[in-house]
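# Working through the structure, step by step
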Amino acid sequence: MPSTDPVLVTGAGGGVGGVGARVLRELRRHGVPVRALVHHDDDRATALRALDGVEVVVGDLTRGADVVAALDGCRRAYYGMSPSADYLEATATVAAAGLAGGRLELLVHMSQMTVSQMTLTSSTESHQQRLHRLSEHVLNWSGLPVVHVRPTVFMENPLFGVLAVASARRDGTIRLPFGTARTSPVADRDVAAVVARLLLDPSPQAGRVYELTGAASRDMSAIAAEFSAALGRTVTYVDVPYDEWVEHDLGPLSLTPHLFDHIATMARLHRENRYDRATDDVTRLLGRPPAGFDSLLEAAAPE
């Protein structure tokens, strides 16, 4: 790919498991110029401006003029956005802007694996998950050269990265309402490395879907054993009744109603074993196995 053309990276200021910022750093490591689209001109934007080869633009993904300007001169782009009720509008705006520019040869879209289990008549998923499914259709219908990346669930998701880590450090337990169901969380660093790998591919294959998981699907007792090994002390899984967990564990996080619904639904779908998925896409694309929970606990280590 031409090294003089910037790659647009959305969400570089944070959110979506920190994927955007990691994609930016990986592209720069390969000498590729990056245009970082951020929503807020804050300290994170200032830090990005200090990086060599990074151009920072402030904009809103639901505003056509902002997206058209951000894509100007870009042949490749990464589109990822934190859970939002405006997600579908943003997706349609990105698609329209990409078509208007007429230069895109690759758009890597951050979706989620729940989409692969859904139909148009599905009603048990969260509003955000339904927006992801519709967004994939919008991008496909646009005719843009799109690749969809579908992580199963991020390790950094509040279910694990906030609640499980906090209780494991506090009293040696993981309190989640998953029952005996199995899951395969994937680290944001692995997802970001896959996105960067696709953006750096000299011959990208538009239309592909990559489903990203951890190395294996296992129940929460097995994950508690991984926490134990990483922390050097016993951690046990406590299966909490769903309604109790929503009220006493999730409620105090003070999430927006949209995000609260999304996380609560993910917990319920976990209990229904909807996240019992495992693929080798991370290993095939990166040439190494996916990271384990030790990487999450290391990143979340108290200062």
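So, here's what we can say about the structure. Nothing here was measured: the structure is a model prediction, and the numbers come from that model.

## Looking at the sheet that holds strand β1 (residues 7–10)
Read from one edge to the other, the open sheet built from 7 strands follows the order β3-β2-β1-β4-β5-β6-β9, with strand pairing classed as parallel. Strands with a single pairing partner mark the edges of an open sheet, and in this sheet they are β3 (54–58) and β9 (209–212). The mean inter-strand angle of the sheet, taken between neighbouring strand axes irrespective of direction, is 15°. Direction of pairing for strand β6 (residues 146–151) relative to β9: parallel, over a ladder of 4 bridges.

## Description of the nonpolar core
Counting residues in each nonpolar core, the largest one holds 34 residues, and the members touching the most others are Leu-27 and Leu-199. In terms of residue count, helix α7 (residues 188–200) provides more of this core than any other element does, 7 residues in total. Setting aside residues no more than four positions away along its own chain, Leu-27 makes contact with Val-7, Val-9, Val-32, Val-34, Ala-196, Leu-199 and Leu-200. Ala-168, Leu-176, Met-220 and Ala-264 belong to the second largest nonpolar core, which has 32 residues in total.

## Notes on the pattern of salt bridges
Going through the model one piece at a time under the given rule, you end up with 24 salt bridges. Between Asp-188 and Arg-22 there is a salt bridge, with the nearest N and O atoms lying 3.2 Å from each other. Pair noted here: Asp-188 is in helix α7 and Arg-22 is in helix α1 (residues 19–29), with a separation of 166 residues, a long-range link. Residue classification places Asp-188 among the buried positions, given a relative accessible area of 6%. Classification of Arg-22 by relative accessible area gives partly exposed; the value is 27%. A salt bridge links Asp-201 to Arg-197, with the shortest nitrogen-to-oxygen separation between them at 3.7 Å. By relative accessible area, Asp-201 is classed as buried at 18%. Beyond isolated ion pairs, a larger network of salt bridges with shared partners links Glu-136, Arg-150, Glu-211 and Arg-277.

## Digging into the environment of Val-149
Summarising the element assignment, Val-149 is placed in strand β6. Given a relative accessible area of 0%, Val-149 falls into the buried group. Beyond its immediate stretch of four places on either side in the chain, Val-149 contacts Val-108, His-109, Met-110, Ser-111, Gln-112, Val-191, Val-195, Leu-198, Tyr-210 and Leu-212.

## A few points about empty space enclosed by the protein
Taken as a whole and judged by the stated rule, the model has 2 cavities of 30 Å³ or more. Empty space within the largest cavity amounts to approximately 50 Å³. Counting residues per element, the ones that place at least two in the lining of the largest cavity are β1, α3 (64–71) and β4 (76–79). Of the voids in this model, the second largest cavity is the one considered here, and its volume is about 30 Å³. Around the second largest cavity, the lining residues are Met-113, Thr-114, Gln-117, Thr-152, Arg-274, Tyr-275 and Arg-277. Across the lining of the second largest cavity, the residue classes break down as 2 nonpolar, 3 polar and 2 charged.

## Topic: the packing of helix α5 (residues 127–142) against helix α10 (residues 257–271)
Two quantities define a packed helix pair, namely the angle between the axes and the distance from one axis to the other. Their axes nearest at 7 Å, the elements α5 and α10 cross at an angle of 90°. One way to sum up the angle between α5 and α10 is to call them roughly perpendicular. Listed contacts from α10 to His-127, Gln-128, Gln-129 and Leu-131 of α5 are His-258, Asp-261, His-262, Thr-265, Met-266 and Leu-269. By residue class, the composition of the contact of α5 with α10 is 3 nonpolar, 6 polar and 1 charged.

Basis of the calculations
- Residues numbered from 1 in each chain as written.
- Predicted model: local features only at pLDDT ≥ 70, side-chain atom pairs only at ≥ 80, totals over all residues.
- Heavy atoms only, no water.
- Pairing = 2+ DSSP bridges.
- Helix = DSSP H or I, 4+ residues; strand = E, 2+ residues; numbered from the N terminus.
- Axes fitted to C-alpha atoms, helices over the stretch in contact; angles between N-to-C directions.
- Core = buried A, V, L, I, M, F, W, Y, C linked by side-chain atoms within 4.5 Å.
- Buried < 20%, exposed > 50% of the residue type's maximum accessible area, 1.4 Å probe, protein only.
- Contact = heavy atoms within 4.5 Å.
- Salt bridge = Lys/Arg side-chain N within 4 Å of Asp/Glu carboxyl O.
- 1 Å grid on protein atoms, 1.4 Å probe; cavity = no way out; pocket = protein on both sides within 12 Å on 5 of 7 lines; lining within 4 Å.
- Points joined across faces, edges and corners; volume = space filled by probe spheres on them.
- Nonpolar A, V, L, I, M, F, W, Y, C, P; charged D, E, K, R; others polar.
- Parallel < 35°, antiparallel > 145°, perpendicular 65-115°, else oblique.

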